[in-house]
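Structural overview
Here are the chains, one letter per residue:
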Number of protein chains: 2
Amino acid sequence: MDDAFKALDSDKQRRILDSAYKEFSNKGYKQASTNRIAKEAGIGKGTLFYYFTNKEGLFHDLVEEAFCIADEFFLKKVDFSETDFFIRLRQTSELKWAVYQEHPHALSFMARVFIHSDEHNLPDKLLLKRTKAEHVWGSLLTKNIDFSKFRDDIPQETSFNFIRWTIEGYRTELEQRVKMEGIEVFTNQAFEPYYKEFYSYLDTLKKIYYKPEYTNG
Amino acid sequence: MDDAFKALDSDKQRRILDSAYKEFSNKGYKQASTNRIAKEAGIGKGTLFYYFTNKEGLFHDLVEEAFCIADEFFLKKVDFSETDFFIRLRQTSELKWAVYQEHPHALSFMARVFIHSDEHNLPDKLLLKRTKAEHVWGSLLTKNIDFSKFRDDIPQETSFNFIRWTIEGYRTELEQRVKMEGIEVFTNQAFEPYYKEFYSYLDTLKKIYYKPEYTNG
DNA sequence: TTAGTTTTGACCAGTGCGGTCAACGGATGT
DNA sequence: ACATCCGTTGACCGCACTGGTCAAAACTAA
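Treat the numbers as computed from the prediction; the structure is a model and nothing was measured. (Residues numbered from 1 in each chain as written. Chains lettered and ligands numbered in written order. Predicted model: local features only at pLDDT ≥ 70, side-chain atom pairs only at ≥ 80, totals over all residues. Heavy atoms only, no water.)

**Some remarks on the overall build of chain A**
When helices and strands are tallied, chain A shows 11 helices and 0 strands. Ordering the α and β elements of chain A from the N terminus gives α-α-α-α-α-α-α-α-α-α-α. When the backbone C-alpha atoms are referred to their principal axes, chain A occupies close to 65 × 40 × 30 Å. Counting across all 217 residues of chain A, residues that qualify as buried make up 45%. In chain A, 68% of the contacts between residues at least 6 apart in sequence involve partners at least 24 apart. (Helix = DSSP H or I, 4+ residues; strand = E, 2+ residues; numbered from the N terminus. Buried < 20%, exposed > 50% of the residue type's maximum accessible area, 1.4 Å probe, protein only. Contact = heavy atoms within 4.5 Å.)

**Quick notes on the side chain of D61(B)**
Residues and elements named next belong to chain B. The topology assignment puts D61 in helix α5 (residues 55-73). Of the side chains bearing the opposite charge, K6 lies closest to the buried D61, which forms no salt bridge; the N-O distance is 8.1 Å. Apart from residues lying up to four places away in sequence, D61 is in contact with M1 and F52. (Lys, Arg positive; Asp, Glu negative; His and termini not counted. Salt bridge = Lys/Arg side-chain N within 4 Å of Asp/Glu carboxyl O.)

**What to know about the domain arrangement of chain A**
Examined at the domain level, chain A breaks down into domain 1 (1-78 + 104-140) and domain 2 (146-217). Centre-to-centre, using C-alpha coordinates, domain 1 of chain A lies 29 Å away from domain 2 of chain A. (Domains from an automatic or database assignment.)

**Description of the protein's contact with DNA strand D**
Looking at DNA strand D, there are 18 residues lining it, with K55(A), K12(B), T47(B), Y50(B) and Y51(B) nearest. Counted by atom, the contact set of DNA strand D within 4 Å of the protein is 62% sugar and phosphate. For DNA strand D, a base oxygen lies 2.9 Å from a polar atom in the side chain of K45(A). For DNA strand D, a phosphate oxygen lies 2.8 Å from a polar atom in the backbone of G44(B). For the surface near DNA strand D, the secondary structure elements donating two or more residues are α3 (34-41) and α4 (45-51) of chain A together with α4 (45-51) of chain B. The element best represented in the surface near DNA strand D is α4(B), accounting for 5 residues. Along the lines of polarity and charge, the residues of the surface near DNA strand D split into 5 nonpolar, 8 polar and 5 charged. (Near = heavy atom within 4 Å. Polar contact = N/O pair within 3.5 Å; in protein donor to acceptor, adjacent residues only side chain to side chain. Nonpolar A, V, L, I, M, F, W, Y, C, P; charged D, E, K, R; others polar.)

**Points about the protein's contact with DNA strand C**
Around DNA strand C, 18 residues are found, and the nearest of them are T47(A), Y50(A), Y51(A), T34(B) and K55(B). At the protein interface, 62% of the atoms of DNA strand C within 4 Å belong to sugar or phosphate. K12(A) places a side-chain nitrogen or oxygen 3.1 Å from a phosphate oxygen of DNA strand C. One of the side-chain N or O atoms of N35(B) is found 3.4 Å from a phosphate oxygen in DNA strand C. Among the elements of the structure, α4 of chain A together with α3 (34-41) and α4 of chain B are those that each provide at least two residues to the surface near DNA strand C. Sorting elements by how many residues they give to the surface near DNA strand C places α4(A) first, with 5 residues. Its residues assigned to classes, the surface near DNA strand C shows 5 nonpolar, 8 polar and 5 charged.

**Some words on the pattern of salt bridges**
A complete count under the given rule lists 28 salt bridges over all chains for this structure. In this structure, R164(B) and E173(A) form a salt bridge, with 2.8 Å as the shortest nitrogen-oxygen distance. Remark: E173(A) occurs in helix α9 (residues 156-181) and R164(B) occurs in helix α9 (residues 156-181); the pair is interchain, linking two chains. The residue E40(B) makes a salt bridge to K22(B) at a minimum N-O spacing of 3.2 Å. With E40(B) in helix α3 and K22(B) in helix α2 (residues 10-31), this residue pair connects regions lying 18 residues apart in the sequence. Salt bridges here are not isolated pairs; linked through shared partners, they connect R14(A), D18(A) and E65(A).

**A short note on the relation of the copies chain B and chain A**
Mapping between the two copies of the chain is achieved by a rotation about an axis and a shift along the axis. With an RMSD of 0.1 Å, chain B superimposes on chain A once it is rotated by 180 degrees and translated 0.0 Å along the axis. The symmetry that links the two subunits is that of a two-fold axis. Scanning chain B for the C-alpha nearest the rotation axis identifies T166(B), at a separation of 2.5 Å. Of the residues that chain B buries at the interface, 100% are likewise interface residues in chain A, meaning the two copies contact each other through the same surface. (Least-squares fit on C-alpha atoms with pLDDT ≥ 70 in both.)

**A look at unusual backbone geometry**
Residues and elements named next belong to chain A. Phi angles above zero are rare outside glycine, and N144 is one such case at about 60 degrees. Tracing the backbone through its elements, the reader meets N144 in the loop between α8 (124-138) and α9. For N144, a relative accessible area of 44% translates into the label partly exposed.

**Topic: the interface of chain B and chain A**
Across the contact, 19 residues belong to chain B and 19 residues belong to chain A. In total, about 1800 Å² of surface goes out of reach between chain B and chain A, with carbon and sulfur atoms giving 64% of it. When the buried surface of chain B facing chain A is broken down by residue, F162(B), W165(B) and I208(B) rank first, second and third, together holding 33% of it. Summed over the shared surface of chain B and chain A, the result is 2 salt bridges. In this structure, the connection of chain B to chain A is made through 8 residue pairs in polar contact (both at pLDDT 80 or more). Of all the elements in the fold, those that place two or more residues in the side of chain B that touches chain A are α9 and α10 (192-209) of chain B. Here the side of chain B that touches chain A gets 9 residues from one element, more than from any other, and that element is α9(B). (Buried area = accessible area lost by both parts, 1.4 Å probe.)

This is the structure in structure tokens:
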């Protein structure tokens, strides 16, 4: 990331970074094309290499920024003093949604870096970051959670996994639905019906996996 | 698929077809490489094009065979007279597993053809097949099922979706776990512990989503 | 006008693709 | 021994696209 780049209008910066996030998270490191990134960002190919040293450098800078975004706008805002699982789940979902609205591809970019880390040899420094982040993200829904509210006749770990998988399946299906409807930009308003559905699902899950005495609380 | 191909030892046929299934389902149509298919199958590149007219023809033949396999070894064997949801789920899972053992990549190839059908323009004839198949596969867990056994305080459709998503999430996680352990070939024996876990999960799901009076039956 | 900076796309070498084909080797019949 | 045939091969072709370069053009400011 050249100094020249930082001196740009922040609009142009975002256009370029978002284009790159999108390309990398859709295609992976190797299949991502700097040509497409430049075209999508609406700049010449030469300009891209004027701002960034090369493809690898661009990727590196993206990782840096993505970690910053995740830290600043997500991780730091999670309220770990809340011990109720479903409130925590709801809060983290809302935070993720907020991040998504401002940086639509940064989080999925991070996820891709984590999952397919083998396809791009991360330098050791980033590997450390990755391991650390994996731990933090893994504890989002477990740290300081009061699992005693979960019903006794199912192992807590099983309940936890079932909920995780249900939510993830719902998220995937919702992604499909949204892609079908061809909605591109999400205002808070356009997303309201989806949120209603999501909250209703959360209530159902609570009814299923919490002890009866916690269900109507 | 040339006549010459059909005249080969069935071992060689399988080696080639399986290699192609694997490549297409891992990489998709466009990214799949005939070079790699030939190399993995242990034959020269020229030989591949001696048996099949071209890449598209090979793909077409694979689709044909995959549909046949799915019909013959899976769909025809499903017992639709069984009305219990979890017995049906268990039966279809076991059938899929049996198919997987003989044709490890045929089913995932089919899934990929369905999901990413846009990335390869299917001819109309196949599109029809696809639509038909989509309907049949979609009804695997619904046709002639006695949904009255599901608990009343949760909409049946919600219960159904939650179970689907849970199973799918478990399947994905299991795939990851297996990939990590580096297991390549699965004997029935090597898979036994996984099956035990799976069945225990099914029981748990039954306890959750069935009315209490059906839980211990 | 001039000097300096930003931006561009034609261009380069390299890679991998789908597909071809002259040549090779082994079996068979004479 | 020779000729014929057929399954098989990998070097080879044209092509598409890649990451990266650079002289020239466009723009800005003095």
